[in-house]
Amino acid sequence: MTFFRKPTGRCSNGRLVVDFLAEHFGLPLPPPSQAQGKDFRKGANFAITGATALEYSFFKAHGIDQRIWNTGSINTQIGWLQNMKPSLCKSEKECKDYFSKSLFVVGEFGGNDYNAPLFSGVPFSDVKTYVPLVAKAIANGVEKLIELGATDLLVPGILPIGCFPLYLTLYNSSSKSDYNARTGCLRRYNRLAFHHNRELKQQLDDLQKKYPKTKIMYGDYFKAAMQFVVSPGKFGFSTALQACCGAGGQGSYNFNLKKKCGEQGASVCSNPSSYVSWDGIHMTEAAYKKVADGWLNGPYAEPPILKS
C-alpha cells in the first residue's frame, strides 16, 4: 500500500532492506529470480517466503513438516543462482570477476527454522539443540557462495522473536517474570534468538579467517529491533509491539491467528510508517529503511557495507 500500490510478493507494506540497498547503489530493485524475461545482471532476489536454513527433510524426519510453508531452503536459492549463472557471465574468469563486484545478502535465514518446531509444540529445550545445526547450515551456504566467487557477503542474524506480536500473542503469559520489564518482550524467546546470533557470528568469524580476501559482514537485525522497542519515539515510531496489519485492534498486540494480514477479517492501520511491525512477523517499510541505513553506515552491521 505504501510504495508499489499492488501486490509484489513482499511480506511488507513496501520496500525491503535489499530494495533500499539497491536504491542506495543506483541499481534497479532486484527482480524475483524466477521471473520470466528479466535482466538479472544488476541484481536478483532469490528469497522464498518461509524459507529455512535446514533442508525440508530435517523437519520431515522430526515430524514437524506440517508447520513448514514450503520446501525451499538456503540450498534451493543457491541452486537458483547456479542455474542463472550462464545468463550472467560466460567464462569461469568472467564469473569470478562479476561475482567479486557483487554484494550478496544471505538471508535472513533461521527464523523459520525455529518457528516450525516452536509452533509444533516441540519442547523448548529440544529447539535449543537446533541452533548449532541452523547456524552451520547458513555458514555452509556462505562458503558455497565464496567458492562461486563471492567476496562481499552480508549475513543477517535473526530478529528478537520474543518481541514479535505473533509470539507475544501465542505465548501470552500471566507470569510477569516471563517478560523483560524494560521491553515487554518474552525473555526465553529472545534468549533463543540471541543464542542463534552468537553461534552464527562465531561461524562467520571462522569463515573470515579461512577466507581473508573476502569481507563477511554480520547484519544485526536484533540490535536494530531492540532499539526500536526500547525507544520507538527516537526513531519516529509510535508503537513497536503492535502489528499494523492484523486483528482490527483486538488484543494488546493487534494479532489474531484467525485474522492474519491479508486474510478475511483483518484490517490495516492508516499510518504504517509509525509502526515497526507490519503483520506481526515482518517489519514495515519504515523500519526496513532504518535497518538498511544501519547496514550501510553502521551501527547495525559488523563491519558496515560502506566501511572498506
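Within every chain, residues take consecutive numbers counted from 1 along the sequence as written. Local features are withheld for residues below a pLDDT of 70 in this predicted model, meaning they are given only at 70 or higher, and side-chain atom pairs are given and counted only at 80 or more; totals for whole chains, interfaces and linings count all residues. To obtain the side-chain values, all non-hydrogen atoms of the structure were included, while hydrogens and water were left out.

Taking an unreviewed UniProt entry as the reference, the chain is identified by name as GDSL esterase/lipase belonging to Urochloa decumbens. One UniProt comment on the chain, placed under Sequence similarities (unreviewed entry), says "Belongs to the 'GDSL' lipolytic enzyme family." UniProt positions are given in the numbering used here, feature names are shortened, and annotations may be inferred rather than shown by experiment.

J.: Mind showing me how you'd approach the overall build of the chain here?
T.: Within the chain, the regular secondary structure consists of 11 helices and 8 strands. Taken over the C-alpha trace, the chain has a radius of gyration of 19 Å; the compact-globule value for 308 residues is 19 Å, and the two agree within 12%. Taking the principal axes of its C-alpha atoms as reference, the chain extends roughly 60 × 40 × 35 Å. Sorting the 308 residues of the chain into buried and exposed places 49% on the buried side. For the chain, long-range pairs separated by at least 24 residues make up 66% of all intrachain contacts whose partners lie at least 6 apart in sequence. For the accessible areas, the method is Shrake-Rupley and the probe is 1.4 Å, while residue cover comes only from the protein chains on display. Here the chain displays about 14800 Å² of accessible surface, and carbon together with sulfur accounts for 52% of that area. Computed over 36 positive and 24 negative side-chain charges, the separation of the two mean positions in the chain equals 4 Å. Numbering of helices and strands starts at the N terminus; helices are DSSP runs of H or I of at least 4 residues and strands are runs of E of at least 2. Note that the radius of gyration is over C-alpha atoms, with the globule rule given as 2.2 Å times the number of residues to the power 0.38. The classification of residues rests on relative accessible area computed with a 1.4 Å probe and restricted to protein chains. Under 20% of the type maximum is buried, over 50% is exposed, and intermediate values are partly exposed. Should any heavy atoms of two residues lie within 4.5 Å, those residues are counted as being in contact. When charges are counted, Lys and Arg contribute as positive and Asp and Glu as negative, whereas His and the chain ends are disregarded. The location of each charge is read from NZ of Lys, CZ of Arg, CG of Asp or CD of Glu.

J.: Is there a simple way to explain the packing of aromatic side chains in this structure?
T.: Aromatic ring pairs are reported here in terms of the distance separating the ring centres and the angle at which the planes meet. Pairing of aromatic rings covers Phe, Tyr and Trp, the last counted by its six-membered ring, and requires centre-to-centre distances within 6.5 Å; plane angles under 30 degrees mean stacked, over 60 mean edge-to-face, and any other angle means tilted. Inspection of the entire model under this criterion finds 16 aromatic pairs. Plain terms: the ring middles of Phe99 and Phe104 are 5.6 Å apart, the flat faces sit at 75° to each other, and that makes the pair edge-to-face. Residue Phe99 is classed as buried on the basis of its relative accessible area, which comes to 2%. A centroid spacing of 5.4 Å and a plane angle of 45° characterise the contact between Phe119 and Tyr167, whose relative ring orientation is tilted. With a gap of 48 residues between them, Phe119 in helix H5 (residues 111–119) and Tyr167 in helix H8 (residues 165–170) connect regions that are remote in the sequence. With relative accessibility at 0%, the residue Tyr167 sits in the buried group.

J.: Explain the pairing of strand E2 (residues 152–156) to me, please; I cannot follow it from the model alone.
T.: Along any regular strand the residues' side chains alternate between the sheet's two faces. Taken across its 5 residues, E2 has 4 buried, putting it largely inside the fold. A pair of strands counts as paired when DSSP detects no fewer than two bridges linking them. Alignment of strand E1 (residues 103–105) against E2, held across 3 bridges, turns out to be parallel. Within E2, the position partnered with Leu103 by the bridge is Asp152. Pairing between E2 and strand E3 (residues 215–219): 5 bridges, direction parallel. Residue Leu154 lies in a different strand from E3, and its bridge partner there is Met217.

J.: What exactly am I supposed to notice about the state of the cysteines here?
T.: Should the sulfur atoms of two cysteines be covalently bonded, the bond is a disulfide. Two cysteine sulfur atoms make up a disulfide if the distance between them is within 2.5 Å. Under the defined criterion, the tally for this structure stands at 4 disulfides. In this model, Cys244 is linked to Cys269 through a disulfide, with the two sulfur atoms separated by 2.1 Å. What sets the handedness of the Cys244 and Cys269 disulfide is the S-S torsion sign, and at about -95° it is left-handed. Within this pair, whereas Cys244 is found in the loop between strand E4 (239–243) and strand E5 (245–246), its partner Cys269 is found in the loop between strand E6 (267–268) and strand E7 (275–277), the two being separated by 25 residues in sequence. A sulfur-sulfur separation of 2.1 Å characterises the disulfide bridge that pairs Cys245 with Cys261.

J.: Explain the UniProt feature "coiled-coil region" (unreviewed entry) in the chain here, please?
T.: UniProt annotation of "coiled-coil region" (unreviewed entry) refers to residues 190–217 when read in the numbering used here. Helix makes up 75% of residues 190–217 and strand 11%, with an end-to-end C-alpha separation of 22 Å.

J.: Quick question: what am I supposed to make of the nonpolar core here?
T.: The tendency in soluble globular proteins is for nonpolar side chains to be buried as a group. By nonpolar core is meant a set of buried Ala, Val, Leu, Ile, Met, Phe, Trp, Tyr and Cys residues that side-chain atoms within 4.5 Å join together. Counting residues in hydrophobic clusters, the biggest one holds 90 residues, and the most contacted among them are Phe228 and Trp295. Sorting elements by how many residues they give to this core places helix H7 (residues 131–148) first, with 9 residues. Dropping the residues within four chain positions of it, Trp295 is found in contact with Val17, Leu21, Val105, Leu154, Pro156, Gly219, Asp220, Tyr221, Tyr300, Ala301, Pro304 and Ile305. Counting 5 residues, the second largest nonpolar core, distinct from the first, contains Cys245, Cys269, Tyr275 and Trp278.

J.: Would you mind going over a nonpolar patch on the surface with me for this structure?
T.: Patch rule: a residue counts if its relative accessible area is over 30% and it has no salt bridge; like charges are joined within 9 Å, and nonpolar side chains (Val, Leu, Ile, Met, Phe, Trp, Tyr) within 5 Å. Salt bridge, as used here, is a side-chain nitrogen of Lys or Arg placed within 4 Å of a carboxyl oxygen of Asp or Glu. A cluster of nonpolar side chains, namely Phe25, Leu27, Leu103 and Leu306, defines an oily patch on the protein surface of about 310 Å² accessible area. Position of Phe25 relative to the elements: it lies in the loop between helix H1 (17–24) and helix H2 (56–61).

J.: So what exactly am I meant to see when it comes to the environment of Leu54 here?
T.: Considering the arrangement of structural elements, one finds Leu54 in the loop between H1 and H2. When its relative accessible area of 8% is taken as the criterion, Leu54 is described as buried. Taking the C-alpha atoms as reference points, Leu54 and Gly110, 56 residues apart in sequence, are found 8.3 Å from one another. Apart from residues lying up to four places away in sequence, Leu54 is in contact with Phe59, Ser73, Asp113, Leu133, Val134 and Ala137.

J.: Help me understand H7 in this model?
T.: Side chains of residues three or four places apart in an α-helix project in the same direction, reflecting 3.6 residues per turn. A helix is expected to span 1.5 Å multiplied by its residue count minus one. The end-to-end C-alpha separation of H7 is 26 Å, in line with the 26 Å expected for 18 residues at 1.5 Å each. Those residues of H7 not exposed but buried are Val131, Val134, Ala135, Ala137, Ile138, Ala139, Gly141, Val142, Glu143, Leu145, Ile146 and Leu148. Positive phi shows up at Gly149, right after H7, with a value of about 120°.

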